[in-house]
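Given next are the chains, with one letter for each unit.
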Amino acid sequence: MKITGFEPIIDTNNAENIISLFEALGFEKIHAPVTELDTGKVTNTIMKDQNGFRVDVTASSLDLEADKTFIRMNVDNFEEAYKILTDYGFKNTRGDNTLDLSHASAATMVSPTGFIIVIVKHIK
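Predicted model, so just to flag it, every value in this text is computed and none were measured.

The rules behind the values
Residues numbered from 1 in each chain as written. Predicted model: local features only at pLDDT ≥ 70, side-chain atom pairs only at ≥ 80, totals over all residues. Heavy atoms only, no water. Helix = DSSP H or I, 4+ residues; strand = E, 2+ residues; numbered from the N terminus. Contact = heavy atoms within 4.5 Å. Phe/Tyr/Trp six-rings, centres within 6.5 Å; stacked < 30°, edge-to-face > 60°. Buried < 20%, exposed > 50% of the residue type's maximum accessible area, 1.4 Å probe, protein only.

What about the environment of Phe22?
With respect to the helices, strands and loops of the structure, Phe22 is situated in helix α1 (residues 15-24). As for Phe22 and Leu37, which are separated by 15 residues in sequence, their C-alpha atoms are 26 Å apart. Setting aside chain neighbours within four positions, we find Phe22 in contact with Ile10, Phe27, Met47 and Val55.

As structure tokens, then:
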């Protein structure tokens, strides 16, 4: 399995303010896909700085008490990544289901200690 991307995701009800902060730190918006979830539409603003560092700011469709931070891990082999994480005790928040979109498949995986990795495989 090859990891093709590895970056933080900030899920927030205050996306404009966080995007503004990262712009002040030198990040630029490079992509902002909108995804329809069962909880509503979600905009994920992907930002990148001049050194190639990335951060995603997701405008949550939920009423969050506080921002949440995840790690997004893009991979070329979803099944292998999923197996590695489950072998280490991670649990999929959707049971055995994935979020299947026109451009990607994804699963939100929670470790036994609570940190979260979102596995993403883009469909080419």
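Let's pick the thread back up.
With respect to the packing of aromatic side chains
Counted by the stated rule, this structure contains three aromatic pairs. Ring geometry for Phe78 versus Tyr82: centroids 6.2 Å apart, planes at 25°, classification stacked. Taken together, the residues Phe78 and Tyr82, both in helix α2 (residues 78-87) and four residues apart, mark about one turn of the helix. In this structure Phe78 comes out as buried when scored by relative accessible area, which is 8%. The buried category is assigned to Tyr82, whose relative accessible area is 18%. Between Phe90 and Phe115, the ring centres sit 5.3 Å apart and the planes meet at 85°, which makes this aromatic pair edge-to-face. Remark: Phe115 occurs in the loop between β9 (104-110) and β10 (116-122) and Phe90 occurs in the loop between α2 and β7 (91-92); sequence separation between them is 25 residues.

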